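# Fold and contact review
Here is how the chains run, residue by residue.
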Protein chains: 2
Amino acid sequence: MKAYREMTKEELLSLKEELEKQYKEEEAKGLKLNMARGKPGLSQLEIAMPMLDVMNSGSDMHTLLGTDTRNYGDLDGIGECRRLMADMMEVEKDNVIVGGNSSLNLMYDMIARSFCFGVKGGTPWHKLDKVKFLCPVPGYDRHFKITEQFGIEMINIPLSETGPDMDMVEEYVNNDPAVKGIWCVPKYSNPTGISYSDETVRRFANLKPAADDFRIYWDNAYCVHHLYDDDQDEILNILDECKKAGNPDMVFIFASTSKISFPGSGVSAVASSIDNVQWILKMMGVQTIGHDKINQLRHVRFFKDIDGLKAHMKKHGELLRPKFAAVTDTLEKELTGLNIGSWVKPKGGYFISFDAMDGCAKEIVARCKALGVTLTGAGATYPYGKDPRDSNIRIAPTFPSTEEMKDAARVFVLCVKLVSVEKLLEKNI
Amino acid sequence: MKAYREMTKEELLSLKEELEKQYKEEEAKGLKLNMARGKPGLSQLEIAMPMLDVMNSGSDMHTLLGTDTRNYGDLDGIGECRRLMADMMEVEKDNVIVGGNSSLNLMYDMIARSFCFGVKGGTPWHKLDKVKFLCPVPGYDRHFKITEQFGIEMINIPLSETGPDMDMVEEYVNNDPAVKGIWCVPKYSNPTGISYSDETVRRFANLKPAADDFRIYWDNAYCVHHLYDDDQDEILNILDECKKAGNPDMVFIFASTSKISFPGSGVSAVASSIDNVQWILKMMGVQTIGHDKINQLRHVRFFKDIDGLKAHMKKHGELLRPKFAAVTDTLEKELTGLNIGSWVKPKGGYFISFDAMDGCAKEIVARCKALGVTLTGAGATYPYGKDPRDSNIRIAPTFPSTEEMKDAARVFVLCVKLVSVEKLLEKNI
């Protein structure tokens with residue numbers, strides 16, 4: 001195929017005409033598909049349903065240590081659930097606090113805690129003139145919304161296929177005491193799907209922060225969310241690496257079962273050094289008496305252990321592979337060689353990230369919407385919703401069915417082509 | 001019986017000897033009972049067990065409006081659970097947000113939100129030199145811990161049998177713009193068991209706060225927690241009264257099913273004006289994607305409606321009545337006429353509050369502890385853990401069995417007598 005940029009004006013005009021015809025045809029179909037959020041699909045929810053059978057009115061509701069999960073207690077979570085989450089997060093049980101149904105809420109509360117009271121005896125952030133966070137981009141919009149709500153200045157850090165630009169990260173973290181944190185999705189990154197290289201993780205662990213209370217927010221949301229059985233990303237253990245580097249308290253690791261059991265009815269966890277865990281529990285003990293232990297027990301009784309959980313994740317992978325393939329196959333087939341966009345074919349996670357020609361993302365999303373295909377708003381993957389190049393689009397292929405994803409992908413590439421042609425013609429004029 | 005104060009030194013010394021003998025006998029029994037916290041007893045947990053049968057892998061998991069409770073969505077809670085909580089809180093469904101498993105957490109987050117961002121566009125509290133809260137005393141220690149953590153100055157307001165001293169409340173609220181809130185447990189108050197009179201509620205609603213962002217934290221924790229079927233307290237609807245008085249936004253009402261279904265695995269709710277609800281949702285939407293909707297559906301399917309919930313509360317009442325009676329009967333039988341303590345016989349809630357002679361509470365709690373009976377720490381019912389008279393003791397009769405409560409009550413009155421005699425002798429010398 002000929003790259004669009006190499007086409008003459010006449011070729012572009014003729015292409016435009018053809019694409020507009022296709023656009024009209026799609027319009028007539030009246031599609032209604034939503035690829036906006038990383039929502040599991042119906043088939044994924046179905047495989048978790050037997051979780052609702054592991055407990056009934058005749059069940060013993062006690063933990064291995066004898067705690068009655070039906071009553072108050074165990075602020076840090078029941079032992080067996082801490083063990084399960086620890087195994088999933090590849091840390092020790094004592095490093096883990098099991099939270100409520102949302103790891104996002106755990107992250108929010110950690111920022112709120114730091115803002116109100118300071119990090120482990122440090123100056124409360126609200127007393128500082130300026131607090132900054134580094135934001136690898138494109139990234140997760142809900143992370144950015146949190147730091148935005150707290151008035152924290154966000155600094156874009158480009159993300160490559162090996163992770164954030166570590167030269168920039170070191171430059172900021174090691175020199176600017178106002179830089180208090182960085183948002184990371186180290187594995188199957190939201191949205192690009194890349195995983196941090198060993199070198200990236202080691203450079204993180206060996207940071208020499210200007211601020212004592214600098215923390216890495218390591219949102220390992222997709223730690224066991226592989227698409228393939230035989231081709232999986234693995235990342236270095238950041239907690240171990242930080243310890244080795246003499247920075248034992250520098251990282252908070254977050255994870256949840258939201259995309260393993262049920263979104264909204266899973267369990268979340270935060271892992272960190274024992275010192276950090278003790279500090280968090282001390283603060284958290286004023287906020288709540290404890291989280292939902294019956295749901296923690298339900299999870300452990302269903303998954304049994306990390307092997308059971310990983311076996312369950314294989315089923316998710318099987319269900320998601322064809323949906324991801326519907327998108328990446330279409331992108332490859334329809335866009336290869338046209339030089340109007342790039343993407344990474346992810347090996348896990350929940351998203352495919354597409355980089356359109358500069359200045360085209362918003363228009364592509366708008367055109368898709370007009371054809372009934374809802375995507376995440378363009379810009380959402382950047383702090384303040386501002387993609388400086390108006391280029392990145394996040395595709396969430398998990399919620400629609402595979403057939404629907406094929407329709408959606410077809411509409412998507414059509415809109416990419418049409419908007420790109422229009423952009424090139426606009427420049428030509 | 002002769003009042004202790006009227007006894008001669010000789011009489012007191014002889015009484016002391018007798019009581020010390022009894023004390024030694026109790027010591028030999030090696031009791032181990034805990035009345036420290038308002039924890040439901042085993043029999044109460046058992047009656048909620050059928051809740052674990054209302055859902056299984058074959059269940060339809062959709063709400064009446066068609067939301068799949070297994071997936072993300074419905075930040076404010078599923079409609080039918082909002083309805084149930086609204087009926088319980090005696091407000092409209094649109095006034096209610098269903099939260100996670102803990103109303104304490106909802107209260108904490110509301111304070112945190114006000115501290116960080118201000119109340120509905122008001123000045124964030126962290127920017128103010130001084131923020132004060134009124135604290136009716138004796139009150140709930142976990143309320144006080146929250147305001148203490150945020151550095152909010154707490155002011156004691158005496159609580160009588162009709163509610164807080166409203167002259168004092170009006171004086172503070174209507175004149176001091178630093179007063180931003182008040183902690184209230186309006187029904188079967190923790191720990192005294194009293195309920196606010198209609199006049200008290202109306203005076204609350206008709207406050208003319210010096211601070212625009214003054215809010216009443218109305219923790220209606222025991223709204224349906226009656227001990228008797230035929231003798232129940234009812235309180236005026238504060239949301240209605242505030243609306244009538246031209247203060248529609250002045251109150252946040254909190255409740256949960258922690259002591260209805262399962263502590264730690266119930267659902268919580270906050271109710272307020274529509275304007276406040278919208279503000280809360282806007283802020284909360286950054287904190288979480290949503291709460292546990294499967295658990296919300298589980299609650300609705302189990303209780304069905306408010307009548308089902310009230311029928312369930314009758315069972316709780318039946319289970320709790322003998323435990324409360326074990327305490328109040330013993331107090332009446334053993335202490336009436338001795339003039340060494342006072343208490344209210346509550347008609348609901350979770351506690352019995354005992355006022356010992358000044359300067360005796362800590363010692364009574366310590367003596368009970370030495371005999372194996374753990375009570376809430378003396379002072380806990382006051383801000384900063386400081387009971388200025390060292391008089392109030394909170395008794396939580398729900399967790400032990402009725403037989404155990406009889407033992408505990410016997411030990412308690414013995415320690416009250418002994419410490420009182422010692423105090424009187426001390427004064428005599």
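Residues numbered from 1 in each chain as written. Chains lettered and ligands numbered in written order. Predicted model: local features only at pLDDT ≥ 70, side-chain atom pairs only at ≥ 80, totals over all residues.

Across its full length, chain A carries 13 helices and 13 strands. A compact globule built from 429 residues would reach a C-alpha radius of gyration of about 22 Å, and chain A, at 23 Å, matches this within 12%. For chain A, the spread of C-alpha atoms along the three principal axes comes to 75 × 55 × 35 Å. Taken over 429 residues, chain A has a buried fraction of 54%. Of all intrachain contacts in chain A linking residues separated by at least 6 positions in sequence, the fraction that spans at least 24 positions is 77%. (Helix = DSSP H or I, 4+ residues; strand = E, 2+ residues; numbered from the N terminus. Rg over C-alpha atoms; globule rule 2.2 N^0.38 Å. Buried ≥ 20, exposed ≤ 12 C-beta atoms within 10 Å, placed from the backbone. Contact = placed C-beta atoms within 7 Å.)

Superposition record for chain B on chain A: RMSD 0.0 Å, screw rotation 180°, translation along axis 0.0 Å. Seen this way, the second copy is the image of the first under a two-fold rotation axis. The residues that chain B uses at the interface reappear at the interface of chain A in 100% of cases, marking a shared surface. (Least-squares fit on C-alpha atoms with pLDDT ≥ 70 in both.)

A few words now on the sheet that holds strand E3 (residues 132-137) of chain B. Residue and element names in this part refer to chain B. On the basis of which strands lie adjacent, the open sheet formed by eight strands has the order E2-E9-E8-E7-E6-E3-E4-E5 and mixed pairing. Two strands close off the open sheet at either side, each with one partner strand: strand E2 (96-98) and strand E5 (163-164). Note that strand E4 (residues 153-160) and E5 share two bridges and pair antiparallel. For Ser160, the partnering residue across the bridge sits in E5 and is Gly163. (Pairing = 2+ DSSP bridges.)

Residue and element names in this part refer to chain A. Ordered by their spatial adjacency, three strands build an open sheet running E10-E11-E13, and the pairing between neighbours is antiparallel. This sheet does not close on itself; its edge strands, each paired only once, are strand E10 (341-343) and strand E13 (392-395). Each adjacent strand pair in this sheet contributes to an overall mean axis angle of 25°, direction not counted. Relative to strand E11 (residues 352-356), E10 runs antiparallel, the two being bridged by three bridges. (Axes fitted to C-alpha atoms, helices over the stretch in contact; angles between N-to-C directions.)

Turning our eyes to something else, we now look at the interface of chain B and chain A. On the chain A side, the residues contacting the 44 residues of chain B number 44 residues. Only helix H4 (103-117), helix H5 (141-149), helix H9 (274-287) and helix H10 (293-303) of chain B provide two or more residues apiece to the side of chain B that touches chain A. The greatest single-element share of the side of chain B that touches chain A, amounting to six residues, is contributed by H4(B). Considered class by class, the residues forming the side of chain B that touches chain A number 19 nonpolar, 17 polar and eight charged. (Nonpolar A, V, L, I, M, F, W, Y, C, P; charged D, E, K, R; others polar.)

Let us now look at unusual backbone geometry. Most peptide bonds are trans, and most residues other than glycine sit at a negative phi. Cis peptide bonds are those with omega within 30 degrees of zero, and the linkage from Asn190(A) to Pro191(A) qualifies with 5°. Mapped onto the elements of the fold, Pro191(A) is located in the loop between strand E6 (179-184) and helix H7 (198-205). Phi at Lys120(B) is positive, roughly 45°, even though this residue is not glycine. Structurally, the position occupied by Lys120(B) is in the loop between H4 and E3. The class of Lys120(B) is partly exposed, set by 19 C-beta atoms lying within 10 Å. You will see that Lys304(B), though not glycine, has its phi angle at about 70°, which is positive. Considering the arrangement of structural elements, one finds Lys304(B) in the loop between H10 and helix H11 (306-335). Its 14 C-beta neighbours within 10 Å are what place Lys304(B) among the partly exposed residues.

It is worth spelling out helix H3 (residues 79-89) of chain B at this point. All names here are of chain B. Cys81, Arg82, Leu84, Met85, Met88 and Met89 are the residues of H3 that are buried. When H3 is viewed along its axis, its buried side chains cluster within an angular range of 160° and face the same direction. Where H3 is buried, its residues contact E2, strand E8 (251-256), strand E9 (268-271), H10 and H11. Positive phi shows up at Glu90, right after H3, with a value of about 60°. (Arc of directions from axis to C-beta.)

Here the focus is the environment of Asp74(B). All names here are of chain B. Summarising the element assignment, Asp74 is placed in the loop between helix H2 (42-46) and H3. Asp74 sits in the buried class, given 22 other C-beta atoms within 10 Å. Non-local contacts of Asp74, meaning those with residues more than four positions away in its chain, are made with Thr67, Gly290 and Lys293.

Bringing the domain arrangement of chain A into the picture now. Residues and elements named next belong to chain A. Domain annotation of chain A identifies domain 1 (4-44 + 310-428) and domain 2 (61-304). With centres defined by C-alpha atoms, the gap from domain 1 to domain 2 works out at 31 Å. On the side of domain 2, 31 residues touch domain 1, which itself brings 26 residues to the contact. Listing elements by their share of the side of domain 1 that touches domain 2, those giving two or more residues are helix H11 (306-335), E11 and E13. Looking at side-chain class alone, the side of domain 1 that touches domain 2 contains 13 nonpolar, seven polar and six charged residues. (Domains from an automatic or database assignment.)

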